[in-house]
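# Coordinates in review
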Amino acid sequence: MWLLPSRGLSEGAIEWRLRDCMYSICLSHRVHQMKATEFEFRHRALLNLVQIWLAFQVYVLDRVNIVWWLCPWGTPRGALLARLAFLFAALLLGAAAAIRTWAAAYLSPDVVHDLRLHTESLVADGPYRHVRNPLYLGSFLLSIGLGFLASRVGFFILVAGGTARILRLIGREEETLEQEQGERFRDFARSVPRLLPSISPRLPAAGVHPCWGKAFRAEASMWGFFVMMIAFTITLR
């Protein structure tokens, strides 16, 4: 058995191989536990819209906005706090748009919005040097930012539902990437965090040239959400 000491194999090498084996087992277990179906992946954009629509439809059942519930803006102090809360939401939406645009600039827009899963190559440049799933990180920030406009139940649908959906999509992609790319992906996963970005890059630049024009066009709706929230914050009564 390769785990046992053998001639020419140091204890340090054995320990490294043990850690590598355990990491691979844990990664495979995580992605098998939470993995999107083929239907979920192919219709991820539509399901995202359905989730947003549902979150605002529940105003029929819960008529209290989450921000109003925390700080009613019927008083000058409440209005200031509410405006600050919506400004924070606008910053989240701006960050979501910026991260997704940055990520899309290093991918073809066809890949970003394609119904098929692309695992033929790994991108390790731009935001992918800081976080493995910047597009999904942007989608997660979008769910939180839009949640400030929803009711209490709607906020839960957007944040909790969005988190579960995104983790399932990541699980499917990373399982397939591990199957297709093998050790290359495992090295990438060991170096770069999954969703919580690293401030400093974890990998050297690969020299990929970003395509900003196509990226901004592909993520125009994200920037629209940001502008909408800024306008709402300014005109809040």
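Now for a description of the structure that goes with this document. (Residues numbered from 1 in each chain as written. Predicted model: local features only at pLDDT ≥ 70, side-chain atom pairs only at ≥ 80, totals over all residues. Heavy atoms only, no water.)

### Observations regarding helix H3 (residues 44-57)
Note: α-helices contain 3.6 residues per turn, so residues at a spacing of three or four share the same orientation. The first and last C-alpha atoms of H3 sit 20 Å apart over 14 residues, in line with the 20 Å expected at 1.5 Å per residue. Among all positions in H3, only Arg44, Asn48, Gln51, Ile52 and Ala55 are buried. For H3, the angular spread of the buried residues around the axis is 95°, confining them to a single face. Exposed residues pointing more than 90 degrees away from the buried face of H3 are listed as Leu46, Leu49 and Trp53. (Helix = DSSP H or I, 4+ residues; strand = E, 2+ residues; numbered from the N terminus. Expected span 1.5 Å × (residues − 1). Buried < 20%, exposed > 50% of the residue type's maximum accessible area, 1.4 Å probe, protein only. Arc of directions from axis to C-beta.)

### A short note on the packing of helix H5 (residues 76-105) against helix H7 (residues 134-147)
Between H5 and H7, the least distance of the axes is 8 Å, while the angle of their chain directions is 160°. Judged by the inter-axis angle, H5 sits roughly antiparallel to H7. Considering how the two elements wind past one another, H5 and H7 form a crossing that is left-handed. Along its contact with H5, which presents Ala89, Leu92, Leu93, Ala95, Ala96, Ile99, Arg100, Ala103 and Ala104, the element H7 presents Pro134, Leu135, Leu137, Gly138, Ser139, Leu141, Leu142, Ile144, Gly145 and Leu146. Of the residues in the contact of H5 with H7, the class split is 15 nonpolar, three polar and one charged. (Axes fitted to C-alpha atoms, helices over the stretch in contact; angles between N-to-C directions. Parallel < 35°, antiparallel > 145°, perpendicular 65-115°, else oblique. Left-handed = near helix turned anticlockwise from the far one by under 90°. Contact = heavy atoms within 4.5 Å. Nonpolar A, V, L, I, M, F, W, Y, C, P; charged D, E, K, R; others polar.)

### Looking at the packing of aromatic side chains
Throughout the structure, instances matching the rule amount to nine aromatic pairs. Among the aromatic residues, ring-to-ring pairing joins Trp68, Trp73, Phe86 and Phe232 into one connected group. (Phe/Tyr/Trp six-rings, centres within 6.5 Å; stacked < 30°, edge-to-face > 60°.)

### Side note on the pattern of salt bridges
One pass over the structure, following the stated rule, counts 11 salt bridges. The closest approach of N and O atoms between Arg100 and Glu219, which form a salt bridge, is 2.8 Å. Separated by 119 residues along the polypeptide, Arg100 in helix H5 and Glu219 in the loop between helix H10 (212-218) and helix H11 (220-234) bring together distant segments of the chain. Summarising the burial analysis for this pair, Arg100 and Glu219 share the class buried. Note that Arg190 is salt-bridged to Asp187, the shortest N-O span being 2.2 Å. In this pair, Arg190 and Asp187 are both assigned in helix H9 (residues 183-191), three residues apart and thus about one turn of the helix distant. The class of Asp187 is partly exposed, set by a relative accessible area of 36%. (Salt bridge = Lys/Arg side-chain N within 4 Å of Asp/Glu carboxyl O.)

### Considering the packing of H3 against helix H8 (residues 152-181)
It is at 8 Å that the axes of H3 and H8 come closest, and there the two elements cross at 165°. Of the possible angle classes, the one that applies to H3 and H8 is roughly antiparallel. Considering how the two elements wind past one another, H3 and H8 form a crossing that is right-handed. Touching Arg44, Leu47, Asn48, Gln51, Ile52, Leu54, Ala55 and Phe56 of H3 are Gly154, Ile157, Leu158, Gly161, Gly162, Arg165 and Leu169, all from H8. When its residues are assigned to classes, the contact of H3 with H8 shows eight nonpolar, five polar and two charged.

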